[in-house]
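Residues per chain are reported as follows:
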Amino acid sequence: MGRPSALREAATEKRMQDQAIVAAAKHGPLQSLTERALEERTQPVTIYPWDAQRRVRAWVRFGPESVRVDARIVRSTALAAGIEFKAAGQTYRCWVWGNAVQLDERFFE
């Protein structure tokens, strides 16, 4: 990502993603898995320290609108991921099913 064109592309992609998140947020609140779905009382939750958090791409929902976001996994269970992402100066946190998350290959090249 040392090329100026790659840096411009990354900035443009981030700006477009922020716009998509802000637009989706107008359709309803950020959805998160329920305590019942997470089975928090019976399933162990792993909490990752800052240096162990992985960058991912994840599908999230604001009301009926779905949007793919760049995020970090901050906690997990066997079936779900607790993610955090930012847009337009706001930090969002939610739980999503594990299959809605994909490691961000851009950071493993």
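Only a predicted model underlies this, so the values are computations on that prediction, with no experimental measurement involved.

Novice: What is the right way to look at the pairing of strand E2 (residues 55-62) in this model?
Specialist: For a regular strand, side-chain orientation follows a simple rule: the groups alternate between the two sheet faces. In the sheet, E2 pairs with strand E3 (residues 65-76) via 8 bridges, with the strands oriented antiparallel. Directly across from arginine 57, in E3, lies its bridge partner aspartate 70. Taken together, E2 and the strand that follows it, E3, pair antiparallel across an intervening segment of 2 residues, in which glycine 63 is found at a positive phi of about 60°.

Novice: Could you clarify how one ought to interpret the packing of aromatic side chains in this entry?
Specialist: Describing an aromatic ring pair means giving the distance of the ring centres and the angle of the ring planes. The tally for this structure, following the rule as stated, stands at 2 aromatic pairs. Judged by centre distance (5.4 Å) and plane angle (85°), the ring pair of phenylalanine 62 and tyrosine 92 falls under edge-to-face. Placement of phenylalanine 62 in strand E2 and of tyrosine 92 in strand E5 (residues 90-97) is noted, with a sequence separation of 30 residues between them. Each member of the pair, phenylalanine 62 as well as tyrosine 92, is classed as buried.

The rules behind the values
- Residues numbered from 1 in each chain as written.
- Predicted model: local features only at pLDDT ≥ 70, side-chain atom pairs only at ≥ 80, totals over all residues.
- Heavy atoms only, no water.
- Pairing = 2+ DSSP bridges.
- Helix = DSSP H or I, 4+ residues; strand = E, 2+ residues; numbered from the N terminus.
- Phe/Tyr/Trp six-rings, centres within 6.5 Å; stacked < 30°, edge-to-face > 60°.
- Buried < 20%, exposed > 50% of the residue type's maximum accessible area, 1.4 Å probe, protein only.

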